[in-house]
Amino acid sequence: MTKFLLAVHVLAAIVAVGPVTVAASMFPPVARKVLAEPEESRHSLALLHRICRGYALVGVVVPVFGLATAKNMGVLGDTWLIVSIALTTLAAVVLGALVLPRQGAILEAVEGGVVGERATVRLAMATGVFNLLWAAVTVLMIVRPGSTTGA
Ligand code: HEM
């Protein structure tokens, strides 16, 4: 059972977090191109935003199955896991409260034909923080400092 839960957890991390990383990272540079190629950029931005929003929802599967795996393995109290849960929560907050709303605001500004350069820089920063957080969690999941189980 643990193997099944872990398989779903890792699969969801790949399938959901991967597309969000790529689409979110592409969003700020495409937003900056909007003056040069208004039509194309507008459509691309809307699509990238939809990918980020949709796959962020699918990404809920990652912590749900992660917690179920941890419960089954009896490692819920381990320090590496508690730190991972905290970092995952922080990543979710950065995505839900900063990245997605800022993308939405830029998308609205683009509809009006204007994009503030500073808005795209702020979005790029938030996106970078999100990417760093989940990359750190992935390393923690593999290294599991202090854990006596597994490799
Ligand atoms: C609430 C958050 C999370 C919990 C409770 C959790 C829990 C777990 C547990 C218990 C394992 C098994 C470790 C072992 O085999 O000893 C695991 C493995 C793994 N997790 Fe998570 N996880 C969480 C978030 C994440 C996130 C955000 C990612 C990446 C986006 C991730 C990626 C992985 C990967 C790649 C493995 C396989 C590591 C390996 O077996 O070498 N996890 N996770």
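Our structure's up above, just so we're on the same page.
Our subject in this report is the structure included herewith. (Residues numbered from 1 in each chain as written. Predicted model: local features only at pLDDT ≥ 70, side-chain atom pairs only at ≥ 80, totals over all residues. Heavy atoms only, no water.)

Brief notes about the coordination of the iron atom of the ligand
Phase 1: The iron atom of the ligand binds to the protein through His9 (NE2) and Met141 (SD), with metal-donor distances spanning 2.0 Å.
Phase 2: Metal-centred angles of 82 to 179° between the six donor atoms at the iron atom of the ligand mark the site as octahedral. Placement of His9 in helix α1 (residues 2–32) and of Met141 in helix α5 (residues 117–143) is noted, with a sequence separation of 132 residues between them.
Phase 3: Taking relative accessible area as the criterion, Met141 reaches 27% and is therefore assigned partly exposed. (Donors = N, O, S within 2.8 Å, 3.2 Å for Na, K, Ca; no water. Tetrahedral: all angles 85-135°; square planar, octahedral: opposite > 155°, others 65-115°. Helix = DSSP H or I, 4+ residues; strand = E, 2+ residues; numbered from the N terminus. Buried < 20%, exposed > 50% of the residue type's maximum accessible area, 1.4 Å probe, protein only.)

A short note on the packing of helix α2 (residues 38–58) against helix α4 (residues 79–111)
Phase 1: Following both chains from N to C, one finds α2 and α4 inclined at 160°, their axes separated by 10 Å at the closest point. As far as their axial angle goes, α4 and α2 are roughly antiparallel. The chirality of how α2 crosses α4 is left-handed. Two secondary-structure elements touch here, α2 through Arg42, Leu45, Ala46, His49, Cys52, Arg53 and Ala56 and α4 through Leu95, Leu100, Gln103, Gly104, Leu107, Val110 and Glu111. (Axes fitted to C-alpha atoms, helices over the stretch in contact; angles between N-to-C directions. Parallel < 35°, antiparallel > 145°, perpendicular 65-115°, else oblique. Left-handed = near helix turned anticlockwise from the far one by under 90°. Contact = heavy atoms within 4.5 Å.)

Description of the nonpolar core
Phase 1: Counting residues in hydrophobic clusters, the biggest one holds 22 residues, and the most contacted among them are Phe27, Leu45, Leu95, Val99, Ile106 and Phe130.
Phase 2: Looking at this core, the elements with two or more residues in it are α1, α2, α4 and α5.
Phase 3: With eight residues, α4 is the single largest residue contributor to this core.
Phase 4: When residues no more than four places from it in sequence are discounted, the contact partners of Phe27 are Leu45, Leu48, His49, Gln103, Ile106 and Leu123. (Core = buried A, V, L, I, M, F, W, Y, C linked by side-chain atoms within 4.5 Å.)

Some words on the packing of α1 against α4
Phase 1: Following both chains from N to C, one finds α1 and α4 inclined at 40°, their axes separated by 11 Å at the closest point. Regarding the angle of α1 to α4, the classification is oblique. Between α1 and α4 the crossing geometry is left-handed. Contacts between α1 and α4 involve Val20, Ala24, Phe27 and Ala31 from the first element and Leu95, Gln103 and Ile106 from the second.
Phase 2: Looking at the contact of α1 with α4 residue by residue, the classes come out as six nonpolar, one polar and no charged. (Nonpolar A, V, L, I, M, F, W, Y, C, P; charged D, E, K, R; others polar.)

A word on the pattern of salt bridges
Phase 1: Summed over all chains, the structure comprises two salt bridges.
Phase 2: Where Glu117 meets Arg32, a salt bridge forms, and the shortest distance between an N and an O atom there is 3.8 Å. Here Glu117 is found in helix α5, whereas its partner Arg32 is found in helix α1, with 85 residues between them in sequence.
Phase 3: For Arg32, a relative accessible area of 39% gives the class partly exposed.
Phase 4: The salt bridge involving Arg42 is made with Glu39; its shortest N-O contact spans 3.7 Å. A residue pair is termed a helical-turn pair when its members lie 3 or 4 positions apart in one helix, as Arg42 and Glu39 do in helix α2 at three residues.
Phase 5: We classify Arg42 as partly exposed; its relative accessible area is 23%. (Salt bridge = Lys/Arg side-chain N within 4 Å of Asp/Glu carboxyl O.)

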